[in-house]
Amino acid sequence: DAGVIQSPRHEVTEMGQEVTLRCKPISGHNSLFWYRQTMMRGLELLIYFNNNVPIDDSGMPEDRFSAKMPNASFSTLKIQPSEPRDSAVYFCASSETSGVLDEQFFGPGTRLTVL
Amino acid sequence: QKEVEQDPGPLSVPEGAIVSLNCTYSNSAFQYFMWYRQYSRKGPELLMYTYSSGNKEDGRFTAQVDKSSKYISLFIRDSQPSDSATYLCACNTGGFKTIFGAGTRLFVKA
């Protein structure tokens, strides 16, 4: 398996534009996580899906952020409109189940810069 | 106050040194403790995890948890330049949500 795949790897956009980040989890994994990593706040969980259903989105910072998982092999994180403070590295991770002992496998991340 | 506190470093050591990385946490409900390694421009990868208090050894790496003082440590013996990375501690109560420290940047000089 190729591991968790994220696209794009880098995104530079201007304030106010819509940004869509994409993730393909590892085949057979039924849990998917979106994280945001910044120097100031570290790695923060944004939203967690189990069997394609959003279970916890309490980490989503504002209504400008939305996430979907239309099927087991694809998820998107959308920011609309984007702001400079959204600049960060966004990671998608997947695990076999939701159990704490199931290792989360992280993708390479999308480095977002909002000018 | 963050639930998991970690000194961001950077920590610079010579090759072969013993490295000690540490975190403190505030939530006494945490039962699972993990260490992730993150190379530059990559996603974190799980190094090892520990349940409750005690030690766990894996090769050159030893994880230690002291729940009485809410203190977790990772020791790296005979450090190598390839160990240069950011190390994130992480804690979990037993559910899906893992709380990460900010990460400590480690440089091992050849």
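I will try to describe carefully the structure that is included in this document. (Residues numbered from 1 in each chain as written. Chains lettered and ligands numbered in written order. Predicted model: local features only at pLDDT ≥ 70, side-chain atom pairs only at ≥ 80, totals over all residues. Heavy atoms only, no water.)

**Considerations on the state of the cysteines**
Put simply, the rule is: The disulfide criterion is simple: two cysteine sulfur atoms within 2.5 Å. Strands here mean DSSP runs of E at least two residues long; helices mean DSSP runs of H or I at least four residues long; both are numbered from the N terminus. Buried means the residue's accessible area, taken with a 1.4 Å probe over protein chains only, is under 20% of the maximum for its type, while exposed means over 50%, and partly exposed covers the values in between.
Applying the stated criterion to the full structure yields two disulfides over all chains. The disulfide bridge from C23(A) ends at C92(A), spanning 1.9 Å between sulfur atoms. Judged by the sign of its S-S torsion, about -65 degrees, the bond between C23(A) and C92(A) is left-handed. A residue pair is termed long-range when its members are at least 10 positions apart, and C23(A) in strand β3 (residues 19-24) and C92(A) in strand β9 (residues 88-95) qualify at 69 residues. Summarising the burial analysis for this pair, C23(A) and C92(A) share the class buried. Of all cysteine sulfurs in the structure, the one in C89(B) sits closest to C91(B), which takes part in no disulfide; the separation is 5.8 Å. For C91(B), a relative accessible area of 0% gives the class buried.

**Brief notes about the packing of aromatic side chains**
To keep things clear, this is the line we draw: Whether two aromatic rings pair depends on their centres lying within 6.5 Å, for rings of Phe, Tyr and Trp, where Trp uses its six-membered ring; planes under 30 degrees apart make the pair stacked, over 60 edge-to-face, and the rest tilted.
Enumeration according to the criterion identifies 12 aromatic pairs over all chains in this entry. Summarising the aromatic geometry, the rings of F33(A) and Y48(A) are spaced 4.9 Å apart at their centres and angled 25 degrees between planes, so their arrangement reads as stacked. Highlighted residues: F33(A) in strand β4 (residues 31-38) and Y48(A) in strand β5 (residues 42-50), separated in sequence by 15 residues. For the residue pair F33(A) and Y48(A), the accessibility class agrees, reading buried in each case. For the ring pair Y35(A) and F106(A), a centre distance of 5.3 Å and an interplane angle of 35 degrees mean the geometry is tilted. Remark: F106(A) occurs in strand β10 (residues 105-106) and Y35(A) occurs in strand β4; sequence separation between them is 71 residues. Side by side, Y35(A) and F106(A) carry an identical accessibility label, which is buried. One aromatic cluster is present, built from ring pairs that chain together F33(A), Y35(A), Y48(A), F91(A), F106(A), Y36(B), F96(B) and F100(B).

**Looking at the pattern of salt bridges**
What counts here: Here a salt bridge means any side-chain nitrogen of Lys or Arg lying within 4 Å of a carboxyl oxygen belonging to Asp or Glu.
Using the criterion set out here, one finds 11 salt bridges over all chains in the structure. With a shortest N-O distance of 2.8 Å, E62(A) and R85(A) are connected by a salt bridge. You can see E62(A) sitting in the loop between β6 (53-56) and β7 (65-71) and its partner R85(A) sitting in the loop between β8 (74-79) and β9, a full 23 residues away along the chain. Exposure remark for R85(A): the relative accessible area of 54% places this residue in the exposed category. Note that D83(B) and R60(B) form a salt bridge whose closest N and O atoms lie 2.8 Å from each other. Linking D83(B) in the loop between β8 (71-76) and β9 (85-92) with R60(B) in the loop between β6 (54-58) and β7 (61-66), this pair joins segments that are 23 residues apart in sequence. Accessibility expressed as a relative area gives 26% for R60(B), which makes it partly exposed. Shared partners join several salt bridges into a network, and the residues in it are E62(A), R64(A), E83(A), R85(A) and D86(A).

**What to know about the pairing of β6(B)**
Residue and element names in this part refer to chain B. Note the threshold: When DSSP finds two or more bridges between two strands, those strands count as paired.
Pairing geometry for β6 and β7, over five bridges, is antiparallel. Its bridge partner lying in β7, G54 is registered against V65. Hairpin connection between β6 and β7: a loop of two residues separates the two successive antiparallel strands, and G59 in this loop has a positive phi of roughly 65 degrees.

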